[in-house]
Amino acid sequence: MSLRWKLSLFVAALLALAVALFAGFLLWSEGRALRKDAERSRGEAARGLAEVCRGALLGGEDLLLNSYLHKLKEYPEVTEAACADGTGFILGHTDVSRLHTRLSPPGTDLPDGRSEDVRLDINVGGRLLGISRILFDRVAMDRRLNGSLREARRRIWAVSLLVLAIGFAGSFVAVRFALRPVDALVAGARAIGDGKLDSLIADDRSDELGLLAREFNRMGGKLRELDVMKLDFVNGITHDLKSPLAAVSSSADLVRREAEKMPDSSGMLQNLLLVRQNADRLMNLVTSILDVAHIESALELHKAPILLEEIAMRASRPLRSMAAAKGLSLEVSVLHNLAPISVDAGKMERVFANLIGNAVKFTEQGSVTVEVDREPGGQVLKVVDTGPGIPPEFLGRLFTKFSRASRPGGPKVDGSGLGLSIAKGIVEGHGGRIEVRSEEGKGSTFSVFLPVGAP
């Protein structure tokens, strides 16, 4: 899982926890507020009845008392309400059949505990003038309170879900925006890892990410300096090696020609031939190292329109005798009529010769086929062999420098391990790509794709 997803999920989880805690607090505070409102409403109803009852007892306002009792009767929470004088004689009641009776003592007519009895004494000058009484139905009160709580719960959860949805989307956007400098660092590090040491990362930030970007750029600069030093060293040492090697080869040729004139010089000629062969091998190695250095520094291409078929024929011609000696068939086939393509013919011939030569060298029986075809946007050359294939663990480093696909217990693989690296550099210098598909025991296919461009 990527860092972006981990941070997004972490922020989303924190947001969900915060919203859940806030929603729980709101529900608790809403329930508490509703209970206090219910208690306040009951107290206001009881005090209102006491005031109306006081007016009826002092001024005979029976009409107002009956109106207030009728209004209280409409509330489902009110079981009954009454107004009585100081002796308990009922002057007004929500149930008219209870008029002119006496109030029961507190707690005597509530056997089931479902009602809440609220009584207020009406005093005038320290003398008990009357009593107001309201019975509230606890079940009805709880039903109304729970209904209000359910409605509040629905509203709170709806708002919470909306906040969560907006928060989740916002967290992903915010994390994506926050990690944009990290993406730039990753891209820069990947470019440096791919050998593009001149890549620079934007370091205009003043925070830790800006400091890290500046350190990356400083590291890239140091690596560029080391790379330049390496290239200078390789160029210098290879040129220094080529001069004495050329002298050794020339001297061996001169001595060989003189030895040919002498009688019984076969042993000397054999030794001179061995000297010349090893000098040639060492010269090829030095040339390959020099080519790698040139490709890494600046590949110079001399492009001209030419048929890929012609380059393939030229590259395969010197290898036909080697293939015939091993009993292999070496064929070049063009699957479609192709137009000339603009490439550096000399360097591309070297690429094709390397691929075809490797196929012939590693294939013991069967065939090596070179196919030239077209693909969308360009042309492709494929070298298909029936050889032993390439081990899967080696495919990932096949085109790296000094790599050779040797098998445990198998024959030693000759060569410097630079041919495919040079081929890859030349092909990519043309804007193309080189790929391999192989399966052990079933051969290999190397493909070189070259884009079609203006000559």
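Summary of the structure given here. For clarity, every value in this text was computed on a predicted model and none was experimentally measured.

1. Quick word on the side chain of E77
With respect to the element layout, E77 can be found in the loop between α2 (62–73) and β1 (78–85). When neighbours within four sequence positions are excluded, E77 is seen to be in contact with L135, F136, D137, A140, M141 and R144.

2. Brief notes about the sheet that holds strand β11 (residues 444–451)
What the five strands build is an open sheet, ordered β6-β8-β9-β11-β10; its pairing is mixed. Both outer strands of the open sheet, β6 (329–334) and β10 (433–438), are each paired with one neighbouring strand and no more. Neighbouring strand axes in the sheet, compared pairwise and without regard to direction, differ in orientation by 15° on average. As paired elements, β10 and β11 share six bridges and run antiparallel to each other. Each residue of the ladder has a partner; that of V436, found in β11, is F446.

3. Looking at a nonpolar patch on the surface
Together, F10, V11 and L14 give the surface a local cluster of nonpolar side chains, amounting to about 270 Å² of exposed area. By the secondary structure assignment, V11 is in helix α1 (residues 3–59). What makes V11 partly exposed here is its relative accessible area of 34%.

4. Looking at unusual backbone geometry
Positive phi is not limited to glycine here, since H100 has a value of about 60°. Along the chain, H100 turns up in the loop between β2 (90–93) and β3 (115–124).

5. Points about the pairing of β2
In summary, the side chains of a regular strand alternate between the two faces of the sheet. Here β1 pairs with β2 via three bridges, running antiparallel. Considered in β2, the bridge of C83 is made with G92. Counted between consecutive antiparallel strands, the loop separating β1 from β2 contains four residues, among which G88 sits at a positive phi close to 95°.

6. What about the state of the cysteines?
By definition, a disulfide links the sulfur atoms of two cysteine residues through a covalent bond. According to the stated counting rule, one finds one disulfide in the structure shown. Disulfide pairing places C53 opposite C83 at an S-S distance of 1.6 Å. Given an S-S torsion of about 70°, the disulfide between C53 and C83 has right-handed geometry. Within this pair, whereas C53 is found in helix α1, its partner C83 is found in strand β1, the two being separated by 30 residues in sequence. Of the two residues examined, C53 and C83, each falls in the buried class.

What counts and how
Residues numbered from 1 in each chain as written. Predicted model: local features only at pLDDT ≥ 70, side-chain atom pairs only at ≥ 80, totals over all residues. Heavy atoms only, no water. Helix = DSSP H or I, 4+ residues; strand = E, 2+ residues; numbered from the N terminus. Contact = heavy atoms within 4.5 Å. Pairing = 2+ DSSP bridges. Axes fitted to C-alpha atoms, helices over the stretch in contact; angles between N-to-C directions. Patch = residues over 30% accessible without salt bridge, like charges linked within 9 Å, V, L, I, M, F, W, Y side chains within 5 Å. Areas by Shrake-Rupley, 256 points an atom, 1.4 Å probe, with all protein chains shown as cover. Salt bridge = Lys/Arg side-chain N within 4 Å of Asp/Glu carboxyl O. Buried < 20%, exposed > 50% of the residue type's maximum accessible area, 1.4 Å probe, protein only. Disulfide = S-S within 2.5 Å.

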